[in-house]
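Each chain, letter by letter, is given below.
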Amino acid sequence: MWGPGIRFDKPDLMREIYEKVNYKNKGFLFDLSHFALSQDDIYSLDELKSSINIALNQMGELRKYIYGMHVSACSLGNFLFINYKKSLL
């Protein structure tokens, strides 16, 4: 199942989604770039690693249902707002 906006830093929402899906092989895909962009106070890879560890710990047993990770180039520190502020506004 694919769904936009699944927040790995909101375990209650993850649990609700997981429990409502009726599919034998259900699970999550952790999108590193989307996670990084959702955390607008991260400015370094060390901060990103720390934030991922916090999110994984908050997930508790749900983390065992993460079956993959999508890794692509990602920017930190609210990149879109900082670099495209004039064109976005």
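Refer to the structure presented above.
Residues numbered from 1 in each chain as written. Predicted model: local features only at pLDDT ≥ 70, side-chain atom pairs only at ≥ 80, totals over all residues. Heavy atoms only, no water.

Even after reading the chapter, I still don't get the side chain of K26, so can you show me in this structure?
Here K26 is to be found in the loop between helix 1 (11–20) and strand 1 (28–31). A polar side-chain atom of K26 sits 2.8 Å from the main-chain carbonyl oxygen of Y18. Reaching out from K26, the side chain makes a polar contact with the backbone oxygen of V21 at a distance of 2.8 Å. If sequence neighbours within four positions are ignored, K26 has contacts with Y18, E19, V21 and Y67. (Helix = DSSP H or I, 4+ residues; strand = E, 2+ residues; numbered from the N terminus. Polar contact = N/O pair within 3.5 Å; in protein donor to acceptor, adjacent residues only side chain to side chain. Contact = heavy atoms within 4.5 Å.)

What's the story with the pattern of salt bridges in this structure? I'm lost.
Pairing is possible between side chains that carry opposite charge, provided their charged atoms lie close to one another. Going through the model one piece at a time under the given rule, you end up with 3 salt bridges. In this structure, R15 and E61 form a salt bridge, with 3.7 Å as the shortest nitrogen-oxygen distance. With R15 in helix 1 and E61 in the loop between helix 3 (45–59) and strand 2 (66–70), this pair connects stretches of sequence that are 46 residues apart. Residue D46 pairs with K49 through a salt bridge whose shortest N-O separation is 3.5 Å. In this pair, D46 and K49 both sit in helix 3, 3 residues apart, roughly one turn of the helix. (Salt bridge = Lys/Arg side-chain N within 4 Å of Asp/Glu carboxyl O.)

Would you take a moment to explain the packing of aromatic side chains for this structure?
For the structure shown, the criterion picks out 3 aromatic pairs. Considering the side-chain rings of F30 and F35, the 5.2 Å spacing of their centres and the 40° angle between planes classify their relative orientation as tilted. Take F35: its relative accessible area is 4%, and that puts it in the buried class. Here the aromatic residues Y18, F28 and Y65 are joined through ring pairs into a cluster of three or more. Over the face of the ring belonging to Y18 we find K26, whose NZ or CZ atom lies 4.2 Å from the ring centre. (Phe/Tyr/Trp six-rings, centres within 6.5 Å; stacked < 30°, edge-to-face > 60°. Buried < 20%, exposed > 50% of the residue type's maximum accessible area, 1.4 Å probe, protein only. Lys NZ or Arg CZ within 6 Å of the ring centre and 35° of its normal.)

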